[in-house]
Amino acid sequence: LPVVEMDEENGLLLLELNPPNPWDSEPRAPEHLAFGEVQITYLAHACMDLKLGDKRMVFDPWLIGPAFARGWWLLHEPPSDWLERLCQADLIYISHMHSDHLSYPTLKKLAERRPDIPIYVGNTERPVFWNLNQSGVQLTNINVVPFGIWQQVDKNLRFMILMDGIHPEMDTCIIVEYKEEWKAEFIKTERKKLLNYKARLVKDLQPRIYCPFAGYFVESHPSDKYIKETNIKNDPNELNNLIKKNSDVITWTPRPGATLDLSRMLKDPTDSKGIIEPPNGTKIYKDSWDFGPYLKVLNAAVEDEIFLHSSWIKEYFTWAGFKDYNLVVRMIETNEDFSPFPGGYDYLVDFLDLSFPKERPSREHSYEEIRSRVDVIRYVVKNGLLWDDLYIGFQTRLQRDPDIYHHLFWNHFQIKLPLMPPNWRSFLMHCG
């Protein structure tokens, strides 16, 4: 890490800092692992159930309902005992606030049974649980911990949460250490990165075992048929085969309920008891999804009283707080097929001065047209949610002129919106 400092004669010195890796602090002597002592069970998407001695950790439980409003649905059928597994966990780690990792429908089921379960998150710029109160989920034992500090669970088990290298303002990864003999890094890679890049990464890092996960979702709602057919995902088996060609790393393509016994696999990768697959006949892939309850919540926003008053537009974007940027956005509310919604809003926002003109300004400016399904955009607006539900959830269609990605704009609406939603009660009182 290069830094510039002033020397004694007011000159400049270029120094290179090499800070120690935080996980190398407080080293411990390795101890032997017994068979069955460390077991990893895959549940769904990014959710793993870790048995570490007599402790259990669960990561990123998305096990029911959709993610990103209505855009993502689980590809795999979670084991039938998933709720019991969550309730029996000693602690839960949630990497970040995206709804395929922080699933409020899942946590609601858990909170009804065990509201005081210890949940650990990193101290990110935007709090992971920023929307907890509004969600209605009653969790009482959320622990926000600093980055790069060992969290001791018992004499054998500790973990450390680290900033993510791609999205440090909101995402994290975790290192779990058990008896020093076993150290695992659960670091998510972007699913759109090339297979060759992932294979090269594995070759460079040389882990003993590699398991691709956190990409097992499907665009299953009928209205998203086009996205489902065109958003082709990397095949984990293809990735693992590529890794095997270039290294001796053991690979594991998990299926729901499958358990890896770490000690057995490290001692003998051919051990038939190293990976216990779910029983024959176990349902692996979901073939039906309960759309109704979740779409009902979204659809209720369409008829909300807020949207009877066109002044909601100024109220919302003033609350959002993004301005002084030479971008004009046309927002169009649409039906399922992204055609204009009858009676829906179609308006311009000029973010240079946060005005709402009837026509595009004559000055030179960047322009973006955002078509959004009316149920999702109104739900997001009403509740002051981040635009990930629109953007990552495939609930928009975009056109740009010129075709430039406006990072400041999208970063603001995906990460930097106010923590509290707009005061719609006060808005309606003034409208009345």
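Just above sits the structure.
Summarised in this report is the structure supplied together with it. (Residues numbered from 1 in each chain as written. Predicted model: local features only at pLDDT ≥ 70, side-chain atom pairs only at ≥ 80, totals over all residues. Heavy atoms only, no water.)

### Things to note about the overall build of the chain
Put simply, the rule reads: Going along the chain from the N terminus, every DSSP run of H or I of four or more residues is numbered as a helix, and every run of E of two or more is numbered as a strand. Throughout, radius of gyration means the C-alpha value; the globule benchmark is 2.2 Å times the number of residues raised to the power 0.38. Buried residues are those whose accessible area, probed at 1.4 Å on protein chains only, stays under 20% of the maximum for their type, while exposed residues exceed 50% and partly exposed ones sit between those limits. Lys and Arg are tallied as positive, Asp and Glu as negative. Neither His nor the chain termini are counted. Here the site of a charge means NZ on Lys, CZ on Arg, CG on Asp, or CD on Glu.
Along the backbone of the chain there are 13 helices and 22 strands. For 432 residues, the compact-globule estimate of 2.2 N^0.38 gives 22 Å, and the C-alpha radius of gyration of the chain, at 24 Å, lies within 12% of that figure. Classification of the 432 residues of the chain by burial places 50% in the buried group. Of the charged side chains in the chain, 49 are positive and 62 negative; the average position of the first set lies 6 Å away from that of the second.

### Considering the packing of aromatic side chains
Basically, it comes down to this: Two rings belonging to Phe, Tyr or Trp (six-membered ring only in the last case) form a pair when the distance between their centres is within 6.5 Å. Interplanar angles under 30 degrees mark stacking, angles over 60 mark edge-to-face geometry, and anything in between is tilted. Lysine and arginine charges are scored as sitting over a ring when NZ or CZ, respectively, is within 6 Å of the ring centre and within 35 degrees of the ring normal.
Under the defined criterion, the tally for this structure stands at 31 aromatic pairs. Plain terms: the ring middles of Trp312 and Tyr347 are 5.8 Å apart, the flat faces sit at 85° to each other, and that makes the pair edge-to-face. Taken together, the residues span a long stretch of sequence, with Trp312 in helix H9 (residues 312–320) and Tyr347 in strand E20 (residues 346–350) at a distance of 35 residues. Classification of Trp312 as buried rests on a relative accessible area of 1%. Classification of Tyr347 by relative accessible area gives buried; the value is 11%. Directly above the aromatic system of Trp150 lies the positively charged group of Arg158, at a separation of 4.0 Å from the ring centroid.

### With respect to the nonpolar core
Note the following rule: Think of a nonpolar core as a cluster: buried Ala, Val, Leu, Ile, Met, Phe, Trp, Tyr and Cys residues, connected wherever their side-chain atoms sit within 4.5 Å. Any two residues whose heavy atoms approach within 4.5 Å are treated as being in contact.
In terms of nonpolar packing, the biggest core is built from 71 residues, with Phe129, Trp312, Tyr316, Phe317, Trp387, Phe409 and Phe413 touching the most fellow members. No other element matches the six residues that H9 contributes to this core. The contacts of Phe409, once residues within four sequence positions are left out, are Phe322, Leu327, Val329, Phe351, Ile370 and Trp387. If you look at the next biggest cluster of nonpolar residues, it comprises 27 residues, including Ile174, Ile250, Trp252 and Leu262.

### Quick word on the sheet that holds strand E19 (residues 327–334)
Counted only if it meets this: Any two strands between which DSSP finds at least two bridges are classified as paired. Note on method: axes are straight lines fitted to C-alpha atoms, helices fitted across the in-contact stretch only, with angles between N-to-C directions ranging 0 to 180 degrees.
With respect to topology, four strands assemble into an open sheet ordered E20-E19-E21-E22, the strand pairing being mixed. Strands with a single pairing partner mark the edges of an open sheet, and in this sheet they are E20 and strand E22 (396–401). Averaged over all adjacent pairs, the angle separating strand axes in this sheet is 15°, with direction ignored. One ladder, built from six bridges, connects strand E21 (residues 366–373) with E22; its direction is antiparallel. When the bridges of E22 are listed, Arg371 appears paired with Arg397. Packing of H9 onto the sheet brings it into contact with E19 and E20, and relative to E20 it is tilted by some 35°.

### Side note on the pattern of salt bridges
Quick reminder of the rule: Salt bridges are identified by distance alone: a Lys or Arg side-chain nitrogen within 4 Å of an Asp or Glu carboxyl oxygen.
Counted under the stated rule, the structure contains 25 salt bridges. The salt bridge partner of Asp271 is Arg264, with a shortest N-O separation of 3.1 Å. Of the two residues examined, Asp271 and Arg264, each falls in the buried class. Measuring nitrogen to oxygen at the nearest pair gives 2.8 Å for the salt bridge that ties Arg363 to Asp350. On the criterion of sequence distance, the pair formed by Arg363 in the loop between E20 and E21 and Asp350 in strand E20 is long-range, its members being 13 residues apart. Residue Arg363 is classed as partly exposed on the basis of its relative accessible area of 27%. Residues joined in a network through salt bridges with shared partners are Asp49, Arg56, Asp81 and Arg85.

### Notes on the pairing of strand E8 (residues 119–122)
Here is the rule we go by: A crossover gets the label right-handed when its path from the first strand over the helix to the second runs clockwise, viewed with the strands pointing away from the viewer.
Of the two faces of E8, the one lined by Ile119 and Val121 and the one lined by Tyr120 and Gly122 are each fully buried. Handedness of the β-α-β unit built from strand E7 (residues 91–93), helix H2 (residues 104–113) and E8 comes out right-handed.

### Describing the sheet that holds strand E4 (residues 47–52)
Spatially, eight strands are ordered E9-E8-E7-E5-E4-E3-E17-E18 in an open sheet, and the strand pairing comes out mixed. Two strands bound the open sheet, and with one partner strand each, they are strand E9 (142–145) and strand E18 (275–276). In this sheet, strand E17 (residues 259–261) lies alongside strand E3 (residues 38–44) in antiparallel orientation, the contact comprising three bridges. The residue bridging Ile40 from the neighbouring strand is Leu260, located in E17.

### Some points on the packing of helix H8 (residues 291–300) against helix H10 (residues 374–383)
The cut-off we apply is this: Any angle that is under 35 degrees is reported as roughly parallel, and any over 145 degrees as roughly antiparallel; angles of 65 to 115 degrees are reported as roughly perpendicular and all others as oblique. Crossings are classed by handedness, with left-handed meaning an anticlockwise turn of the near helix from the far one by less than a right angle and right-handed meaning a clockwise turn. In this count, Pro and Cys sit with the nonpolar residues alongside Ala, Val, Leu, Ile, Met, Phe, Trp and Tyr, while Asp, Glu, Lys and Arg are called charged and the others, Gly among them, polar.
The contact between H8 and H10 brings their axes to 7 Å, and the two run at 70°. Classified by the interaxial angle, the pair formed by H8 and H10 is roughly perpendicular. The chirality of how H8 crosses H10 is left-handed. Within the contact between the two elements, H8 uses Val297, Leu298 and Asn299 and H10 uses Asp375, Val376 and Tyr379. For the contact of H8 with H10, the per-class residue count stands at four nonpolar, one polar and one charged.

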